[in-house]
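Next come the chains, spelled out residue by residue.
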Amino acid sequence: MRKAFIFTLDALFAVSVLAVFLTVVSFELNVPKQAYWLPELGDTFMTSLDKSGVLYGTYLQSPTDAQNTLTYYLNTLPANTNAKITIKIYTQGTGDTFNGPTTIEATKGTISQYQETHVKRVFCNVTNKKFGIAELVLSYA
Amino acid sequence: MIAVVFIINMQWGVMLDSINGYETANGAEKASHVASLYLINGPGYPANWSYADVQLVGLAKNLNVLDPNKFEQLKNISNSTLGEKLGVPDFKIFINLTNSNGGTMGSTGLVPNNYSTLSRLLSYVSYNGAPSKLYVTVWK
């Protein structure tokens, strides 16, 4: 009588463990996966601005014109994304010192902290002794 | 005990549905990803390919910088072999290149119709010195 009772408890315990395991697994499978395309979109966006000379061009524009240029390109991103790009430009002073930064910011919508992605690029203009750091933050709208 | 078995059965069904749904969506997404990477990351094979001898399609002069001549060659590749040349033989392909405003600069492949699965991936590229958009749609 006592052995049978213990056996029943063991079986119930084993089944309970299995039920908990399956519950956890199914919960994990139902958690929304982060879309892989958001980081890739940000990466290709920044690379295309870099390779097309848009980032480099901000050296040559007034801060207002540079902001307008960046806003234009941000607005070409898909409607279901919000974005913010920040460019900091440093100019070499005497010796190893650098002056700045001059900061240029442009935004599209309001960045959501939900599934945001960051992409950075560093670019330089040796002739004008300047370098810049560009950071894009991209999120779902 | 019956209740416990019922819960297990229910959870198992939910799990199978999740796995099946995820894998179906993931197949087309992976294919659009693979095709896009081939197009924008490398020159293809052979490196100076033409539509007549191409084995693997790539459009890049440098990373994300597309070669306009190769984009013209791409338009001459038959729709039936385009998927195979982009590493996704099980899918049909539609490729659309636009300027940053969305104005079409060229397209090739089969426009999706009567599809059971479809994935469309946007990549930014540099084309003729300007930021442009490359849409790769895979479907079947």
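Residues numbered from 1 in each chain as written. Chains lettered and ligands numbered in written order. Predicted model: local features only at pLDDT ≥ 70, side-chain atom pairs only at ≥ 80, totals over all residues. Heavy atoms only, no water.

What follows is about the overall build of chain B. A count of helical and extended segments in chain B gives three helices and eight strands. When the helices and strands of chain B are listed from N to C terminus, the series reads α-β-β-β-β-α-α-β-β-β-β. Counting across all 140 residues of chain B, residues that qualify as buried make up 44%. In chain B, of all internal contacts separated by at least 6 residues, the share reaching a separation of at least 24 is 50%. Summed over its atoms, the accessible surface of chain B is roughly 7100 Å², and 53% of this surface lies on carbon and sulfur atoms. (Helix = DSSP H or I, 4+ residues; strand = E, 2+ residues; numbered from the N terminus. Buried < 20%, exposed > 50% of the residue type's maximum accessible area, 1.4 Å probe, protein only. Contact = heavy atoms within 4.5 Å. Areas by Shrake-Rupley, 256 points an atom, 1.4 Å probe, with all protein chains shown as cover.)

Attention shifts here to the overall build of chain A. Along chain A, the regular secondary structure elements total four helices and four strands. The helix and strand sequence of chain A, counted from the amino end, reads α-α-α-α-β-β-β-β. Restricting to contacts in chain A with at least 6 residues of sequence separation, those with at least 24 account for 67%. Accessible surface, chain A: about 8300 Å² in total, of which carbon and sulfur atoms supply 60%.

So, on to the sheet that holds strand β6 (residues 104-109) of chain B. If you walk across this open sheet you meet the six strands as β3-β4-β7-β8-β5-β6 (chain B), and the pairing is mixed. Of all the strands in the sheet, just β3 (60-62) and β6 of chain B have a single pairing partner and so form its edges. In the sheet, strand β7 (residues 118-127) of chain B pairs with strand β8 (residues 130-139) of chain B via 10 bridges, with the strands oriented antiparallel. Bridge pairing links Leu118 of chain B to Trp139 of chain B in β8 of chain B. Contacts from helix α2 (residues 37-51) of chain A reach β3, β4 (65-66), β7 and β8 of chain B, with the element oriented near 20° to β7 of chain B. (Pairing = 2+ DSSP bridges. Axes fitted to C-alpha atoms, helices over the stretch in contact; angles between N-to-C directions.)

This brings us to the nonpolar core. Counting residues in hydrophobic clusters, the biggest one holds 28 residues, and the most contacted among them are Phe45, Leu74, Leu77, Ile85, Ile87 and Leu136 of chain A. Put simply, the parts of the chain that give this core at least two residues each are α2, α3 (54-57), α4 (63-74), β1 (81-92), β2 (98-108), β3 (117-125) and β4 (130-140) of chain A together with β7 of chain B. For this core, the leading source of residues is α2 of chain A, giving five residues. Excluding its chain neighbours within four sequence positions, the residues that come into contact with Ile85 of chain A are Met46, Leu49, Leu70, Leu74, Ile104, Glu105, Ala106, Glu135 and Leu136 of chain A. Counting residues in each nonpolar core, the second largest holds 25 residues, with Ala28, Leu39, Ile77 and Ile95 of chain B among its members. (Core = buried A, V, L, I, M, F, W, Y, C linked by side-chain atoms within 4.5 Å.)

With 87% of its residues at a pLDDT of 70 or more, chain A has an overall mean of 86. Here helix α1 (residues 2-30) of chain A stands out as the least confident element of chain A, with mean pLDDT 71; α4 of chain A is the most confident, with 96. (pLDDT = per-residue confidence, 0-100.)

What follows covers the sheet that holds β2 of chain A. All names here are of chain A. Taken in spatial order, the four strands of this open sheet run β2-β1-β4-β3, and their pairing is antiparallel. A single partner strand is all that each edge strand has here, and the edge strands are β2 and β3. Sheet twist, expressed as the average angle between the axes of neighbouring strands with direction ignored, equals 15°.

So, on to α4 of chain A. Its 12 residues place the ends of α4 of chain A 16 Å apart at the C-alpha level, agreeing with the 16 Å of an ideal helix rising 1.5 Å per residue. Every buried residue belonging to α4 of chain A is among Ala66, Leu70, Tyr73 and Leu74 of chain A, and all of these are buried. Buried residues along α4 of chain A cover an arc of 105° about the axis, so they all sit on one side. Where α4 of chain A is buried, its residues contact α2, α3, β1, β2 and β4 of chain A together with β8 of chain B. (Expected span 1.5 Å × (residues − 1). Arc of directions from axis to C-beta.)

A word on unusual backbone geometry. Note the cis peptide between Gly100 of chain A and Pro101 of chain A, where omega equals 10°. Each neighbour pair has its own omega, and for Tyr45 of chain B with Pro46 of chain B the value is -5°, a cis peptide bond. By the element assignment, Pro46 of chain B lies in the loop between β1 (44-45) and β2 (56-57). For Asn64 of chain B, which is not a glycine, the phi torsion comes out positive at approximately 70°. Taking relative accessible area as the criterion, Asn64 of chain B reaches 3% and is therefore assigned buried. In this structure, Asn128 of chain B takes a positive phi of about 50° despite not being glycine. In this structure, Asn128 of chain B sits in the loop between β7 and β8.

Between side chains of opposite charge, pairing is possible as soon as their charged atoms come close. All names here are of chain A. As enumerated under the stated definition, the model contains three salt bridges over all chains in all. We note a salt bridge from Asp43 to Arg121, for which the minimum N-O separation is 2.7 Å. In this pair, Asp43 is assigned in helix α2 and Arg121 in strand β3, connecting sequence segments 78 residues apart. Residue classification places Asp43 among the partly exposed positions, given a relative accessible area of 35%. For Arg121, a relative accessible area of 17% translates into the label buried. (Salt bridge = Lys/Arg side-chain N within 4 Å of Asp/Glu carboxyl O.)

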